[in-house]
Amino acid sequence: MENDKQIGWFSKVAVFSGFFIMGFVDIVGIATNYVKSDFGLSATLSNTIPMMVFIWFALFSIPAGILMGRIGKQKSVLLALIITAVALLIPFVAYRFVWVLVGFSLLGISNTLLQVSLNPLVASLFNREKIASILTAGQFVKSISSLLGPIIAGGMVTAWGDWKLAFPLLAIVTLLPILFLALSGSTDTVGDTNLGTSRTSFSSVLGLLKERPLFLAFLSIILIVGLDVGINTTAPELMMKRAGLELNRAGLASSLYFLAKIAGTLVGSFLLLKVSPIRFLKVSLLLAIAAFVPLTVATEGWILLSAIFIIGLACANLFSIIFSFALNEKPDRSNEVSALMIMGVSGGAVILPLLGMVNDLWGIAASLAILAISLVIILIFIPKKDNHATR
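Owing to the predicted nature of the structure, the values given are computational and were not obtained by experimental measurement. In this numbering scheme, every chain counts its residues from 1 along its sequence in written order. Restriction of local features to residues with pLDDT of at least 70 applies here, the model being predicted, together with a cutoff of 80 or more for giving and counting side-chain atom pairs; totals for whole chains, interfaces and linings are based on all residues. Each side-chain value is derived from all of the structure's non-hydrogen atoms; neither hydrogens nor water enter the calculation.

Next up on the list: the side chain of K142. The secondary structure listing takes helices from DSSP runs of H or I that are at least 4 residues long and strands from runs of E that are at least 2 residues long, numbered from the N terminus. Here K142 is to be found in helix α7 (residues 131-160). For K142, a relative accessible area of 8% gives the class buried. Only heavy atoms matter for contacts: two residues are in contact if any of them lie within 4.5 Å across the pair. With residues near it in sequence (within four places) discarded, K142 still touches F19, M22, G23 and D26. Here's how the labels work: a residue is buried when its accessible area is under 20% of the maximum for its type, exposed when over 50%, partly exposed in between, all with a 1.4 Å probe on protein chains only.

In structure tokens:
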């Protein structure tokens, strides 16, 4: 019997709900802009906020993989959701810059554990040739929650004059998937062809970097996440400087980006069942690179928003496709591969300080050029042949 027919629908919904909570970390983009304004920070200093989120993907991915090996994937996901709920309350309860950093650091830790454990858990529930499509569907769910962050923050300003009210609301929403997972049956032992049975350790994870396909996938993940967080953080500032919008309206540019990602992942989850992932990836990268030209030089609001939408649409499936390449490269070591790839999510911590410094020194157009160059590098890195996915 196929793996994707061995588990009930409630358990699948419970597992997939984790992707929705995973997207809450993207509120760091609009939050960075509000905190920068509230405390009068420079671009370099304000970008330490998202850095405090994404640095944990570098520091905690391997320990998260080790923990997952000991307590199981599903319990790891449940623990990550509980920590997320706590982390979201900290900036609201104690709104000082140092506590904002603490709250987002804890959010980074919980999101690291969630991504390390959730992706291989979902992959283990479905047939190998469907992994790219299934993980893309998960990113579709994640993008929906990412879209809501800036909208909720802006709505709280309009209704009650306090964007921070978004934090307790998101914390309350997090309780629902916690309940779903607690009530669902165990899914850790379903179809163990993709579970990964080797014991995870620092040496076993880092040793995977000796494999050229996994090394390039790791670097690509770094650049993809750096691009994602860079656009999320930069788009509101771009709309304020170029189109003259106020922050609560400029923040909708981030929502538009995630709206485009929702559309892109929805389309991608179907197309990737029929089209070669590598061919799909090349076309997506070329489209996104082309959209950076008007984004860098245009001053009209509708052109900027159109470019942001195209980039979001084109980049929606990059992460899931690269992640599926890595999992299919070593399906018997999925725990370790997942830990390595999620370590690459630290790209947000690597790229953002660079973008902040370049922005302060040479302006926002120069920082956008760095993101465009990242896409060119990924295009160079992608495999020449697709040996794992079906057409």
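This part takes up helix α15 (residues 318-329). Take the number of residues in a helix, subtract one, and multiply by 1.5 Å to get its expected span. Between its terminal C-alpha atoms α15 stretches 17 Å, which fits the 16 Å expected from 12 residues at 1.5 Å a residue. Burial of α15 is extensive: 11 of the 12 residues sit out of reach of the surface. Turning to α15, its buried residues number three or more, namely L318, F319, S320, I321, I322, F323, S324, F325, A326, L327 and N328.

Patches here are clusters of residues that have more than 30% relative accessible area and form no salt bridge, with a 9 Å joining cutoff for like charges and a 5 Å cutoff for nonpolar side chains (Val, Leu, Ile, Met, Phe, Trp, Tyr). Computed with the Shrake-Rupley method and a 1.4 Å probe, the accessible areas treat only the protein chains shown as cover for residues. Any carboxyl oxygen of Asp or Glu within 4 Å of a side-chain nitrogen of Lys or Arg constitutes a salt bridge here. On the surface, V13, L176, L179, F180 and L183 cluster together into a nonpolar patch covering about 450 Å² of accessible area. Counting residues per element, the nonpolar patch draws most heavily on helix α8 (residues 166-183), at 4 residues. Given the relative accessible area of 60%, L183 is considered exposed.

What follows deals with the packing of aromatic side chains. Each Phe, Tyr or Trp ring (for Trp, its six-membered ring) is paired with any other whose centre lies within 6.5 Å, and the angle between the two planes then decides the class: stacked below 30 degrees, edge-to-face above 60, tilted in between. Following the criterion strictly, the structure yields 9 aromatic pairs and no others. With 5.2 Å between their ring centres and 50° between their planes, F39 and Y95 make a pair best called tilted. Here the residue F39 occupies a position in helix α2 (residues 27-39), and Y95 occupies one in the loop between α5 (73-93) and α6 (97-123), the gap between them amounting to 56 residues. Ring geometry for Y95 against W163: centres 6.0 Å apart, planes inclined by 80°, an arrangement best described as edge-to-face.

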